Amino acid sequence: MDMQKWAADLIASEKKKPLPIISFPAVQLMGVSVRELIGDAALQAEAMRVVAERLDAAASVSFMDLSVEAEAFGSEIRVSDEEVPTVVGSIVDEDSDPGELSVPEVGAGRTGLYVEAIRRVAPLIADRPVLSGVIGPFSLAGRLMDVNEIMPLCYEEPELVHAVLEKTAAFTAAYAQAFKDAGADGVVIAEPMAGLLSPELVGEFSTPYVRRVVDAVQDGAFSVVYHNCGASVVRAHEQVFATGAAAYHFGNAIPMADIMPLVPADRIAMGNVDPAGQIKNGTPESVRRATLELMESCSGYPNFVPSTGCDVPPMAPWENIEAFFGAVDEFYAR
């Protein structure tokens, strides 16, 4: 797919199709558990197909499972039937020799399953781009080193953090390339931990490494979408946009209206109805109101595309998901 044309057409369209990050709620439609889904490429492909069939979204987005890459490096993960997997503990600390940290081959752990899922589903969804998903280099380093430990280590042991980032960036680039080779039209790089950093630290520990991934895989037929759901993205917007990604996705920690004036006009910016507070725990009416408020505050920007603030939890009610789409349609019908 010509992704530059897709983006230009979306920006030029008066009525934007929503582009929420929705894949895991397919478990409800399919009658399977999250545990079963994450271990089966065929189920993952079917889940994406089912969601694409049910929702008229601007793109089909794969699973934001931010445990996959850390597991491939050797981290322990916690799996359940109804929640997205999480990483337990750390495998790198301030006493570690980063030279001993091996960069896994793509295919280690469950990475091969996720690539195979894209290979299977890409030919089945022809009316919109198929976007795969990877974790960003700094956020992956945070899972290998422990989220609470990497922050002080940025100050106390910056050489250690950079040494780990060299390896996480190399793997992220290789993983994104594997998705590209499998038929994906783009990749969402989820870098949520960068949203906890000051602008200066984003510029040192996140942006250069994300940029390496972007430069390695992005071209006219393959786009990178940068996701950051932290509260510091407005202050760090220069560093965020320096990643060079083709599109940006922001979480509900900030009002979307605060970032839209800062986004380059030729870059799509997506967000940001609260996926937990509204889509999962709200009501159809509260979702409707939140979505209409978002549309009223941001629809004046041609490059704004309505979305959720992050990935929608597996057990979010489908009536709430459909209320989000219904509210977008209602807004444009006015």
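Throughout, a residue's number is its position along its own chain's written sequence, starting from 1. For a predicted model such as this one, the threshold for reporting local features is a pLDDT of at least 70, and the threshold for listing and counting side-chain atom pairs is 80 or more; totals across whole chains, interfaces and linings nevertheless cover every residue. Values shown for side chains rest on all heavy atoms present in the structure; no hydrogens or waters enter the calculation.

A.B. asks: Which parts of the structure should I look at to understand the pairing of strand E4 (residues 130–135)?
C.D. replies: Put simply, side chains in a regular strand alternate between the two faces of the sheet. Burial classes follow relative accessibility: with a 1.4 Å probe on protein chains only, a residue under 20% of its type's maximum area counts as buried, one over 50% as exposed, and anything between as partly exposed. To qualify as a helix, a DSSP run of H or I must reach at least 4 residues; to qualify as a strand, a run of E must reach at least 2; elements of each kind are numbered from the N terminus. Burial analysis of E4 places 6 of its 6 residues in the buried class, which makes it a mostly covered element. Because side chains alternate across E4, one face comprises the buried residues Val130, Ser132 and Val134, and the other comprises Leu131, Gly133 and Ile135, equally buried. With 2 bridges connecting them, strand E1 (residues 60–61) and E4 associate as parallel partners. Bridging from a neighbouring strand, valine 61 pairs with leucine 131 of E4. For two strands to pair, DSSP has to find at least two bridges joining them. Sheet topology places E4 next to strand E5 (residues 186–190); 5 bridges connect them, and they run parallel. Bridging across to E5, valine 134 finds its partner in isoleucine 189.

A.B. asks: Just to check I follow, could you spell out unusual backbone geometry for this structure?
C.D. replies: A negative phi angle is the norm for most residues apart from glycine, just as the trans form is the norm for most peptide bonds. Backbone torsion omega between glycine 271 and asparagine 272 reads -20°, so that peptide bond is classified as cis. As for its position among the elements, asparagine 272 is in strand E8 (residues 268–273).

A.B. asks: Would you explain helix H7 (residues 137–145) in this entry?
C.D. replies: It helps to recall that an α-helix has 3.6 residues per turn; residues three or four apart then point in one direction. Within H7, 9 of the 9 residues are buried, leaving the element largely enclosed by the surrounding structure. Of all the residues in H7, the buried ones are Pro137, Phe138, Ser139, Leu140, Ala141, Gly142, Arg143, Leu144 and Met145. A positive phi of about 85° marks aspartate 146, the residue just after H7.

A.B. asks: What should I look at first to understand the nonpolar core in this one?
C.D. replies: Burial of nonpolar side chains together is a common tendency in soluble globular proteins. Ranked by size, the top nonpolar core spans 122 residues in total, and within it Trp6, Phe138, Ile150, Val161, Phe250, Met256 and Ile268 carry the most contacts. For methionine 256, the residues in contact, after removing those within four places along its chain, are Phe250, Ala269, Met270, Gly271, Asn272, Leu294, Cys298 and Phe304. Each nonpolar core is a collection of buried residues, namely Ala, Val, Leu, Ile, Met, Phe, Trp, Tyr and Cys, held together in the definition by side-chain atoms within 4.5 Å. Residue contacts are counted whenever heavy atoms from the two residues lie within 4.5 Å of one another.

A.B. asks: How do you make sense of the packing of aromatic side chains when you look at a structure like this?
C.D. replies: Centre-to-centre distance and the angle between the planes together describe a pair of aromatic rings. Only Phe, Tyr and Trp rings are paired, with Trp represented by its six-membered ring, and only when their centres lie within 6.5 Å; those with planes under 30 degrees apart are stacked, over 60 edge-to-face, the remainder tilted. Across all of its chains, the model carries 11 aromatic pairs by this definition. Pairing phenylalanine 241 with phenylalanine 250 gives two aromatic rings, centres 6.4 Å apart and planes at 80°, and the pair type is edge-to-face. No difference in accessibility class separates phenylalanine 241 from phenylalanine 250, as the two residues are buried. Through pairs of rings, three or more aromatic residues link up here, namely Phe73, Phe171, Tyr175 and Phe179.

A.B. asks: How do you make sense of the pattern of salt bridges when you look at a structure like this?
C.D. replies: One side chain can pair with another of opposite charge once the charged atoms of both are near each other. Salt bridges, as used here, are contacts in which a Lys or Arg side-chain nitrogen is within 4 Å of a carboxyl oxygen on Asp or Glu. Enumeration over the complete set of coordinates arrives at 20 salt bridges. The closest approach of N and O atoms between lysine 5 and aspartate 9, which form a salt bridge, is 2.7 Å. With lysine 5 and aspartate 9 both in helix H1 (residues 3–12) and 4 residues apart, this pair spans about one turn of that helix. Note on aspartate 9: relative accessible area 41%, which makes it partly exposed. Of the charged contacts in the structure, one is a salt bridge between aspartate 56 and lysine 17, with a shortest N-O distance of 3.0 Å. Highlighted residues: aspartate 56 in the loop between helix H4 (41–54) and E1 and lysine 17 in the loop between H1 and helix H2 (26–30), separated in sequence by 39 residues. Classification of aspartate 56 as partly exposed rests on a relative accessible area of 44%. Since its relative accessible area comes to 40%, lysine 17 is described here as partly exposed. Members of the salt-bridge network, linked through shared partners, are Glu285, Arg288, Arg289, Glu296, Glu330 and Arg334.

A.B. asks: Explanation requested: the state of the cysteines in the structure shown.
C.D. replies: A covalent bond between the sulfur atoms of two cysteines is referred to as a disulfide. In what follows, a disulfide is any cysteine sulfur pair within 2.5 Å. For the coordinates displayed, the defined rule picks out 0 disulfides. Between cysteine 154, a free cysteine, and cysteine 229, which holds the nearest cysteine sulfur, the sulfur-to-sulfur gap is 17 Å. Exposure remark for cysteine 154: the relative accessible area of 4% places this residue in the buried category. The structure places no disulfide on cysteine 310, whose sulfur is separated from the nearest cysteine sulfur, that of cysteine 229, by 4.6 Å. Since its relative accessible area comes to 16%, cysteine 310 is described here as buried.

A.B. asks: Which parts of the structure should I look at to understand the pairing of E8?
C.D. replies: Burial runs high along E8: 6 of the 6 residues are buried. Relative to E8, strand E7 (residues 247–250) runs parallel, the two being bridged by 3 bridges. In the strand pairing of E8, alanine 247 is matched with isoleucine 268. Looking at chain direction, E8 and strand E9 (residues 304–308) are connected through 5 bridges and run parallel. Along E9, the bridge assignment pairs alanine 269 with phenylalanine 304.

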